[in-house]
Amino acid sequence: MPEVFKKISINIILICTFLVLLTPLVFGQSFYYHFSGFKALYFMGLVEVILLVYFILCIYYPIYRPSLNRVSVAVITFLAVLTVSSVFGRDLPNSFWSTYERMDGLLFWFHLLAFFLIISSVIKKTDLWDKLFSFSIGVASVVSIIALLEKVKIVDIKFFLNGSTLGSTTFLGTYLLFNVFISFYLFLLPDIKKNLKIFYFFNLVIIMLGLIFNVRGKASFAAFTLGILLVFIFWIVSKSNRVLKIIGAFIAFLFLSLGIVVIFINFIPNSQVSQEILNFTKTGTLDGRTIVWDIAREGFKEKPILGWGLANFSIPFIEYYNPCLGTDKCGHGFWYDNPHNIIWKNLTETGVVGFVSYFAIFFFTIYSLWLLYKRDENNKNNKNNFWLAVIFTSLLCSYFIQNLTSVDSVSSLIMFFFVIGFIANTISPQQKIEAETKKTTHNIFAVGAILLFSVSFVYFVIKPLQSSFYATKALASPISYENQLFYIKKALNSSDLGRNEMLESFSKNFYNASLGIKVGDIVDKSFFDELNFLINKLSNIPKNSAFYYKNHFVLGELYNVYAKFDPTKSRDAEKVFQELINISPQNQNGYAGLLQSYLYQGRNSEAFPLVEKIVAMEPNLLNSRMMEINIIHWILKDEKLLKEKIKEITTANPSWVNRFSGYLK
C-alpha cells in the first residue's frame, strides 16, 4: 500500500476527530430529540467513517493496531460486562438501542469504544493532542458564551432551555467541567508559548464563567471546586518543604475520607446527609433524587450481580414505585428512567460486576498517570508529567463527583472517552515503525470492511436519522390524521432505535389532541385508522419491555378515547389499568386511569371510594387532591363534604388555597 494512503488515512481520522469535538454545537431541530439523539447519530456517523479507514489502515500497517495497556483493558472489560449484563437483563433490545432521549445503549457504547481505541492508537504526536485540546476548549468557549448571553438576557433563545446548545443545564455543566480542566492543564504547561498561554487563559476564564453562572448547575460548580482543591493538595504535597508536605498529606487524608463517606452515604436509606448534599447541588426541592436512590437500592437487591441490563432502570423503578413522587417533598417528577447517580445507575443496571468494572477505568487511568510521573521522575519532561497526573486525576475525580447527582449526556461521554483515550496513548510506550505488509488476503479484508461499513452506516446511522425525521413530522402541529399516520408508519418502520419511545410519543400526542372530542361528535375515518393502528402497536409491547408500563398506560387512555364512540372499549381500558395496578400497586397513575374508566362506564358510585384510596396512598399529592375535589364537586355534588375536604386540604398545605378557592364560589 503506498505511503500516501497512510497519510490520507491518518488525516481523515484527524479531521473526523476534530468534527467529533464539534458535537456539542451540533443539533438538528427537524429531528426527534435534537439535543441528544441527533448529536449521538452525528457522532456515530463520524466514528463509523474513521472506523472504516482505521480498519484498512491496520490491515496494512500493524503499528496502528490497538495496544493493550491498563486503561484499554479496563475499558474493554467494562464494555464486555455491559454486553453480558444486557444479554442476561430484562430487555435486551432496549439495552442495545436505548432511546433518542438518552442514547446510552450498547450501540452508542460500542461506538465510544471504537473512538477510544482509534484515537489512542493513531494520534501519537503530542502537538496533535495539543491542537485537539485547543479545538475542544475553543468549542466549549462558544458553548459557554451562548449560555452567558442567555443568562444576561442579551439573547433569549428558549429553544436552548438555558443549557446553551446542549439543551440541559446539567449536560452543560458536565461538558464544561471537562474543558475547564483541559484549559487549565494547557495553561500550566511550562513549555507553552506566551501567545498560546494567553489563548488558554482567555478560554479558561470564559469556560469557568459559564460553569459558575450555569443555571441549576451547582453540582458542576461544586465538583469543579473540589477538583481545584485536589489540585492544590497535590501541589502542596509536591513541595520540598516538610511542613507543607505534612499539611498537604493531612488535607489529602480529609479529602479521601470525605470522598469515601459520600460514596457510602449512597447505601444508607433516607440519608439526611444525602438530602443536604442535594439541597446544595440542586435548586429548590430534592427533586426526588433520594427517593429514586431508595428505589434503585431495592432494584439492586433483587439483581445484585449483573443488574437489570443497560438502560433498563425504569423496570425496577415501576416495580418499587414510591407514591411520594410528584409531591413537593419528593420532587414533581413521576417518571425516572435513570437514578441520576452514577453509583446506583451501575449497581442497578449492571450489578456489582458492572460497578467494579466501571470504577476500574478510573482507578487504572489515575494509577497509570502517577506511574508515568514516577517512572520519569528524573526526566526533563517530568514537570509536564506532574501536571498531567495532577490535572487529569482531579478532572476524573470531579467528573465522578458530578455524576453522583446527575446523568451523563452524549457530549460528556464523548469527552470522557476522548480524555481517557489521550491518557491511554500517553502511557503507552512508543512502538518502532514496522514495514507495511502486502498479503493478498489483506485486500479481501479491506473489501469486506467496506461492505460491512456500508451496511452498518445505513442501518445504525441513516435509518435512525430517517426515523427521527419522520417522527418530528408526525408530531408536528397542525397535521391531518391521515398524514400523521403516514409519518408514524414511516418512523416506526425505518429503524428499531427508540421505537417504543416514539410509539408512546405518538400515542400521547394523539390522546392530547382528542381531549376536545365529545361523545356523539362525528370524526373522520382517518381518526379511527390512526387510533386502531396505535392500539394494535401498543397491545403488542412485550411484558419484559422497559416501556411496557408507560406504553400500556397510554393504551388504556386510548381505549377510553375509543369509549366515546364505543362504550365497550372502556372495559378494555379497565383491564389494562387493572393489570398496571397489579404490576405497580403503589403507583397512583394506574388507579387514576382506572378511575377514568369507571367514569366513562357511568360507575359513579365506585369513583369516590377509588379516589379516596388514591389520596390515602399519598395525601400530599396535588393531582390526587384535585381528582378528589372534582369527584365531590361534579359527581357527588355534596357541598358540605366539599367544604370539609377543601378545609382539610388547605389547612395541611396553605399554598394550595388559591387552587381550590374557586370551588367555593
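Residues numbered from 1 in each chain as written. Predicted model: local features only at pLDDT ≥ 70, side-chain atom pairs only at ≥ 80, totals over all residues. Heavy atoms only, no water.

Caption draft 1: Region of interest: helix α14 (residues 342-375). For α14, with 34 residues, the first-to-last C-alpha span of 32 Å runs short of the 50 Å given by 1.5 Å per residue. At Thr-350, α14 shows its maximal bend, which comes to roughly 130°. The opening residue of α14, the one whose side-chain oxygen lies 2.9 Å from the backbone nitrogen of Ile-343, is Asn-341. (Helix = DSSP H or I, 4+ residues; strand = E, 2+ residues; numbered from the N terminus. Expected span 1.5 Å × (residues − 1). Bend = angle between axes of the 7 residues up to and from the residue. Polar contact = N/O pair within 3.5 Å; in protein donor to acceptor, adjacent residues only side chain to side chain.)

Caption draft 2: How the structure looks around the packing of aromatic side chains. Enumeration over the complete set of coordinates arrives at 65 aromatic pairs. Ring geometry for Phe-510 against Phe-527: centres 5.0 Å apart, planes inclined by 35°, an arrangement best described as tilted. Residue Phe-510 is found in helix α19 (residues 499-513), and its partner Phe-527 is found in helix α20 (residues 525-539); the two are separated by 17 residues along the sequence. By the burial criterion, Phe-510 is buried, and Phe-527 matches it. The ring of Trp-308 has Lys-303 sitting right over it, with the charged end atom 5.4 Å from the ring centre. It is Lys-569 that lies over the ring of Tyr-562; its NZ or CZ is 4.9 Å from the centre. (Phe/Tyr/Trp six-rings, centres within 6.5 Å; stacked < 30°, edge-to-face > 60°. Buried < 20%, exposed > 50% of the residue type's maximum accessible area, 1.4 Å probe, protein only. Lys NZ or Arg CZ within 6 Å of the ring centre and 35° of its normal.)

Caption draft 3: Broad picture of the packing of helix α18 (residues 481-494) against α19. Remark: α18 packs on α19, axes separated minimally by 10 Å, with the N-to-C direction vectors making an angle of 170°. One finds that α18 runs roughly antiparallel with respect to α19. Crossing hand, α18 versus α19: left-handed. Counting all contacts with α18, which are made through Tyr-481, Gln-484, Ile-488, Ala-491 and Leu-492, the residues of α19 involved are Arg-499, Met-502, Leu-503, Phe-506, Asn-509, Phe-510 and Ala-513. For the contact of α18 with α19, the class distribution of residues is nine nonpolar, two polar and one charged. (Axes fitted to C-alpha atoms, helices over the stretch in contact; angles between N-to-C directions. Parallel < 35°, antiparallel > 145°, perpendicular 65-115°, else oblique. Left-handed = near helix turned anticlockwise from the far one by under 90°. Contact = heavy atoms within 4.5 Å. Nonpolar A, V, L, I, M, F, W, Y, C, P; charged D, E, K, R; others polar.)

Caption draft 4: Main features of the state of the cysteines. Enumeration according to the criterion identifies one disulfide in this entry. Between Cys-324 and Cys-330 runs a disulfide, and the two sulfur atoms are separated by 1.7 Å. On the sign convention where negative means left-handed, the S-S torsion of about 80° between Cys-324 and Cys-330 marks this disulfide as right-handed. Across the pair, Cys-330 and Cys-324 agree in class, each one buried. (Disulfide = S-S within 2.5 Å.)

Caption draft 5: Representation of unusual backbone geometry. Between Ser-477 and Pro-478 the backbone carries a cis peptide bond, its omega angle lying at -5°. In this structure, Pro-478 sits in the loop between α17 (440-475) and α18. The phi dihedral of Ser-164 is positive, around 55°, even though this residue is not glycine. Relative to the helices and strands, Ser-164 resides in the loop between α6 (126-151) and α7 (169-188). Taking the relative accessible area as the measure of exposure, Ser-164 reaches 0% and is therefore buried. Of note in the backbone geometry, His-340 takes a positive phi value of approximately 55° without being a glycine. With respect to the helices and strands, the residue His-340 is situated in the loop between α13 (314-319) and α14.

Caption draft 6: Representation of the side chain of Gln-484. Relative to the helices and strands, Gln-484 is located in helix α18. Among the polar contacts made by the side chain of Gln-484, one reaches the main-chain carbonyl oxygen of Ala-474 at a distance of 3.3 Å. Excluding its chain neighbours within four sequence positions, the residues that come into contact with Gln-484 are Ala-474, Ile-479, Asn-509, Phe-510 and Glu-530.

Caption draft 7: Broad picture of the side chain of Ser-357. By secondary structure assignment, the location of Ser-357 is in helix α14. Residue contacts for Ser-357: discarding those within four places in its chain leaves Ala-74, Phe-78 and Val-81.

Caption draft 8: A look at the environment of Ser-605. Inspection of the secondary structure assignment puts Ser-605 in helix α24 (residues 604-617). Placed 30 residues apart in sequence, Ser-605 and Ile-635 show a C-alpha to C-alpha distance of 8.9 Å.

Caption draft 9: The arrangement of the environment of Trp-308 in detail. Within the fold, Trp-308 resides in the loop between α12 (289-302) and α13. Sequence spacing of Trp-308 and Ala-546 is 238 residues, and the spatial spacing of their C-alpha atoms is 10.0 Å. Apart from the residues within four sequence positions on either side, Trp-308 is in contact with Gly-89, Arg-90, Gly-299, Glu-302, Lys-303, Ile-315, Pro-316, Glu-319, Thr-348 and Glu-349.

Caption draft 10: Structural view of the environment of Arg-375. Tracing the backbone through its elements, the reader meets Arg-375 in helix α14. Residue Arg-375 is classed as exposed on the basis of its relative accessible area of 55%. Separated by ten residues in the primary sequence, Arg-375 and Asn-385 have C-alpha atoms spaced 9.8 Å apart.

Caption draft 11: Here's a closer look at a nonpolar patch on the surface. The grouping of Phe-201, Val-205, Leu-209, Ile-212, Phe-213 and Phe-221 at the surface amounts to a nonpolar patch, some 490 Å² of accessible area in total. When residues of the nonpolar patch are assigned to their parent elements, the largest contribution, four residues, is made by helix α8 (residues 194-212). By the element assignment, Val-205 lies in helix α8. (Patch = residues over 30% accessible without salt bridge, like charges linked within 9 Å, V, L, I, M, F, W, Y side chains within 5 Å. Areas by Shrake-Rupley, 256 points an atom, 1.4 Å probe, with all protein chains shown as cover. Salt bridge = Lys/Arg side-chain N within 4 Å of Asp/Glu carboxyl O.)

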